[in-house]
Amino acid sequence: MGYGTYIGFRLVNFAVILVIITLTTCAIFDTAMTRILKAQIAEQVQQDVMNWVKYQQQHGRMPTQEEINAYREDRLKIYYRRYGLDKPAWMRVFYRTWDVLRFKFGKSVSGLITYRGSRDVATIIFGYLPNTIILFTTGAIITMVIGIFLGLQMAKRAGGKLDRAITTFAMVSYSLPMWWTGMLFIFAFSFGLKVFPAGGMHTLPPPEDPILYWLDFLWHLALPLITLVFVSFGGWAYTTRSLVLGTLQQDFVMAARAKGMPERKVLYGHVLRAVSPSLATMCILSVVNSMWGAMISEAVFNWPGMGRLYWIAIEANDLAIVIGLTYVSTFIWLMALIIIDLIYGLLDPRIRVGIKVTR
Amino acid sequence: MGMGKASEWLQGLKEFWGEYRRYKSGIMGLVLLILLAGMALGAPLIAPKETYENWYNPAYWTDYPQEVPPVWVSYLSGVKKAPHVVMEKGPGDATVLPSAGNTTYVVEFTYSFRYDEPPNDILLRVMGRASEEEKAYVSIKVRRPDGQEIVLLPGYETAFPEIYKGMSSKHFKVGKRSDIGTRIVKWAEKFDTPENVVTASIRPPLGGWVIRILFSKAEEGILVGDAELLKGDYVFTITVVVPKGGELWGTMMIFYGTAYGLLGTDSYGRDLLAGIVWGARLALLIGIMTSLISTIVGVLYGVVSAYLGGLVDEGMMRIYEIVSSIPLLPVLLILSWQFGVTIWNLAFIMALFWWTGPVRTVRSMALQIKEETYVEAARAIGVGTRRMIMKYIANQILPYAFAIMALGVPGAILTEAGVSFLLGGRGVREPTWGKILHDAHKAAATMKGLWWWVLAPGLMICITGLTFVLIGNALDRILNPMLRR
């Protein structure tokens, strides 16, 4: 299986899962979504009728009650046809699935709007999405750097004090809910030591000076970021350590050492290069897994990302947003898995030249 | 033959234990597991079952103080907090005064106040039945240690119109009744300066500051909380006048503590200790159930896929890949949102996606075992496929499955907690630790500094997870054939 076929397989996989999940979600929520849609259409038709009557009056005609009713029926029929409500349930589900797949989630059910006043669910979600990405990618990069560095140090002196301490810490952090840690950190750093704000992304009102604005942003970013890194770096370090320890016993390392290569070069040049494919998959997978924890933590920190939106939508009973969020987060998750595969393929020459390997 | 097999099995167990006890962390995990199991099984002894059943019934928790820390906080801070005191008296404890037609009961409650904080509130409950024609009346007065007497309720308040635990009753909360508050403030005015009287007259006579006046020395500053607390015995005299044909069943006074129990209470007055111990049951149940089902399915799947090989293997691995890349959290959110699951449902749904965990490892193990000579020999003598898979291959992997199972538990508990935290009332029906944390976050516990509400449930999630990580790691080292040297 060559690199191209390999990626092709993954892409097909991606599409299949996306369709399955969307289809299932739409089927589960068909009744509820239809009810919501009908309510929204009724609202829209009321608006249309009022506009039409006003238009007629401006042109000197006064429509009778029958005419108004006929117009209302007409509009209802048009909207029902447009949203597929006149079709049987299974077709409706397919229509909706097709809409969701193209990021058309409809309007929010609760009064939730963007600051420009839009009720479009996709617009709302894409307003929150960048904040999740900022928090999450920054956290992942910092975790990666700290984790790999510590892991190498641990492997160098396996069984030493640092090794034992971090191994224990990794075990504890494996069962540490990130969002709960966030709550504790708010107690400690926001209320106890008063060094970081308890939540949000900006002071209200935000400072006008652009430099101060960014500093204010970083100050708000700090605590969620510290939480994310604190909970994940132990696992990274431990994984790196195990992989490096396994490689250190291999012949090519012995050979490199035997020819008098400096230890630093052996470690960073040879060992790290050799373990990089497995390291990339194992660690990135763990980071992608921690995406869910990070999203729940946003609710704790009032960080206006997708997790916070989940919380708001659930509290406001807004089904349209929940479905949209499910789709977008699934999409991102699958994208991340694809990216892992790409990186893995690039790092592992065996895949590029087409030797079958199992991940 | 049965005997021989049993003793062989026992021998194996003994050997295993001999190895297991060498792992200090494994022993620690085992100790923690025993403690947790004790907590889960002993939950009804620590907190009655009705606390668990009434977790979402606010009426049940009215007799508990709200948002107060655990009692042991007193020892840390040196401030003696008022404990929660409940006093009950039956009609036999009352003095009956003779009067024309009616019966007058006089009940005395003595509250010895020796703390650094006044109680949060005072509640009086009278239970009984008035006659059909006439009402019953209740009056309350208190005599303080300094001999001062304050009438809290003069005698024209009717008793018993409502139902409490199946009886007719009525309760009065001193801090919630502005008329009682006004009487206390009026009484205190004669001890304080005119400025303080004005200050106090602006405040609504409700809540803690009124209670504080009741328990302060009659001196300057009593109205603004500057007076010292007056320690000693406070005697509350309750007089209930019951008409002919009516009955008095009992009276009850509650002095709401400023601390409660081992773990404090939340903003509904719920005893967090009850939530924690009953939550241990739920957490263990969901963790072990999910992990057990998914390990069995996963191991069998891996073995079957490896043994059958060829196209079947290829197909099974494709299905495995699809299921393993389904994101669990959003799917769980959607499903429990729509169907309002119990933890049993949730465990089952999680297992539906979780079985993929051990498949790869198990498959590669099974591939190795498949090449062993004894498998070849078994095949040569015509052992059937099912028997081959169950007896010859899966059996070999079984010990290692225990390690996989233990290591799968924390993830299940963490996921349940995360889903419950986000969904709250829309998630699982039972009060799990995740749901307690949801309530805490919703009530802004972090902003209010109610640390006891947040600390205990999260710590329990963490400890439960750690327990299984410790056990799982030890099992993995002993039983994983790949780690064996």
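Not measured: the values here are computed from a predicted model.

Student: Could you clarify how one ought to interpret the overall build of chain A in this entry?
Tutor: Within chain A one finds 13 helices and zero strands. Counting from the amino terminus, helix and strand elements in chain A follow one another as α-α-α-α-α-α-α-α-α-α-α-α-α. Taking the principal axes of the C-alpha coordinates as reference, chain A spans close to 100 × 55 × 35 Å. Classification of the 359 residues of chain A by burial places 48% in the buried group. For chain A, restricting intrachain contacts to residue pairs at least 6 apart in sequence, the fraction spanning at least 24 positions comes to 71%. Each charge class in chain A was averaged separately, 34 positive and 21 negative side chains, and the resulting centres sit 10 Å apart.

Student: It is not clear to me how the pattern of salt bridges should be interpreted in this structure. Could you clarify?
Tutor: When the charged atoms of two side chains lie near each other, side chains of opposite charge can form a pair. Residue and element names in this part refer to chain A. Summed over the entire model, instances satisfying the criterion amount to 27 salt bridges over all chains. Here E263 ties to R257 by a salt bridge, and the two come within 2.9 Å at their closest N and O atoms. Since its relative accessible area comes to 37%, R257 is described here as partly exposed.

Student: What is the right way to read helix α10 (residues 310-324) of chain B from this model?
Tutor: Each turn of an α-helix holds 3.6 residues, which means side chains three or four residues apart point in the same direction. End to end, α10(B) covers 21 Å across 15 residues, agreeing with the expected 21 Å (1.5 Å per residue, within 8%). All buried positions along α10(B) are accounted for by D313(B), M316(B), M317(B), Y320(B), E321(B) and V323(B). One face of α10(B) carries all of its buried residues, which in axial projection span an arc of 165°. Residues of α10(B) that are buried make contact with α1 (3-28) of chain A together with α9 (272-308), α12 (343-354) and α13 (359-370) of chain B.

Student: Help me understand the interface of chain A and chain B, please; the structure alone is not making it clear to me.
Tutor: One widely used convention gives an interface's size as the accessible area the parts lose upon coming together. With 47 residues of chain A in contact, the opposing surface of chain B contributes 47 residues. Area buried by chain A at its contact with chain B is led by M171(A), F187(A) and W311(A), which between them contribute 15% of it. For E315(A), the salt bridge identified is with K442(B), shortest N-O distance 3.3 Å. Inspection of the chain A/chain B interface yields seven residue pairs in polar contact (both at pLDDT 80 or more). Of the residues belonging to the side of chain A that touches chain B, the class tally is 33 nonpolar, nine polar and five charged.

Student: Would you mind showing me how to read the domain arrangement of chain A here?
Tutor: Residue and element names in this part refer to chain A. Domains assigned within chain A are domain 1 (3-101) and domain 2 (121-348). For domain 1 versus domain 2, the separation of C-alpha centres amounts to 40 Å. The interface is formed by 17 residues belonging to domain 1 together with 13 residues belonging to domain 2. For the pairing of domain 1 and domain 2, the buried interface totals around 1,500 Å² over both sides, and the portion due to carbon and sulfur atoms is 81%.

Student: Is there a simple way to explain the packing of aromatic side chains in this structure?
Tutor: Two aromatic rings are characterised by how far apart their centres lie and by the angle between their planes. Residues and elements named next belong to chain A. Evaluation of the coordinates by the stated rule reveals 39 aromatic pairs over all chains. Arranged with centres 5.3 Å apart and planes meeting at 80°, the rings of W214 and F217 form a pair that is edge-to-face. Taken as a pair, W214 and F217 lie in helix α8 (residues 210-248) at a separation of three residues, close to a single helical turn. With a centroid separation of 5.9 Å and 45° between ring planes, the pair formed by F217 and W303 is classed as tilted. On the criterion of sequence distance, the pair formed by F217 in helix α8 and W303 in the loop between α10 (263-301) and α11 (306-315) is long-range, its members being 86 residues apart. We note that F217, like W303, is buried.

Student: What am I meant to see in the sheet that holds strand β5 (residues 137-143) of chain B here?
Tutor: What links the strands of a sheet is backbone hydrogen bonding, and the strands pair in either a parallel or an antiparallel sense. Residue and element names in this part refer to chain B. Overall, antiparallel pairing links the five strands, which are arranged β2-β3-β9-β5-β6 in an open sheet. Unpaired on one side and paired on the other, β2 (95-98) and β6 (149-158) mark the two borders of the sheet. Averaged over all neighbouring strand pairs, the angle between strand axes comes to 20°, with direction disregarded. Here β5 pairs with β6 via six bridges, running antiparallel.

Student: Honestly, the domain arrangement of chain B in this entry has me stumped. Any pointers?
Tutor: The domains assigned to chain B are domain 1 (7-56 + 272-483) and domain 2 (71-256). The centre of domain 1 of chain B, based on its C-alpha atoms, is set 53 Å off from the matching centre of domain 2 of chain B.

Definitions and limits used
Residue numbers restart at each chain and count upward from 1, following the sequence in its written direction. Here chains are named by letter from A upward and ligands by number from 1 upward, in the order in which they appear as written. Thresholds applied to this predicted model are a pLDDT of at least 70 for local features of residues and 80 or more for the giving and counting of side-chain atom pairs; totals over whole chains, interfaces and linings are not thresholded and use all residues. With hydrogens and water excluded, all non-hydrogen atoms of the structure serve as input to the side-chain values. In this text, helices come from DSSP runs of H or I with a minimum length of four residues, and strands from runs of E with a minimum of two, each type numbered from the N-terminal end. Only protein chains enter the accessibility calculation, which uses a 1.4 Å probe. A residue is then buried if its area is under 20% of the maximum for its type, exposed if over 50%, and partly exposed in between. Contact criterion: two residues are considered in contact whenever any of their non-hydrogen atoms come within 4.5 Å of each other. Positive residues here are Lys and Arg, negative ones are Asp and Glu, while His and the chain termini are left out of the count. Each charge is placed at NZ for Lys, CZ for Arg, CG for Asp and CD for Glu. Any carboxyl oxygen of Asp or Glu within 4 Å of a side-chain nitrogen of Lys or Arg constitutes a salt bridge here. Expected span of a helix: the number of residues minus one, times 1.5 Å. What the arc covers is the set of directions going from the helix axis to the C-beta atoms. Buried area is understood as the total, over both parts, of accessible area removed when two parts are fitted together, assessed with a 1.4 Å probe. Polar contacts, as used here, are pairs of N or O atoms within 3.5 Å; protein pairs need one atom able to donate a hydrogen and one able to accept it. Residues neighboring in sequence count only if both atoms are side-chain atoms. Residue polarity is assigned by list, with Asp, Glu, Lys and Arg as charged and Ala, Val, Leu, Ile, Met, Phe, Trp, Tyr, Cys and Pro as nonpolar; anything else, Gly included, falls into the polar class. Where each domain starts and ends comes from a domain assignment, either automatic or drawn from a database. Two rings from Phe, Tyr or Trp (for Trp, the six-membered ring) form a pair when their centres sit within 6.5 Å of each other. Planes less than 30 degrees apart are called stacked, planes more than 60 degrees apart edge-to-face, and all others tilted. Any two strands between which DSSP finds at least two bridges are classified as paired. Fitted lines through C-alpha atoms serve as axes, helices being fitted only where they are in contact, and the angles separating the N-to-C directions of these axes extend from 0 to 180 degrees.

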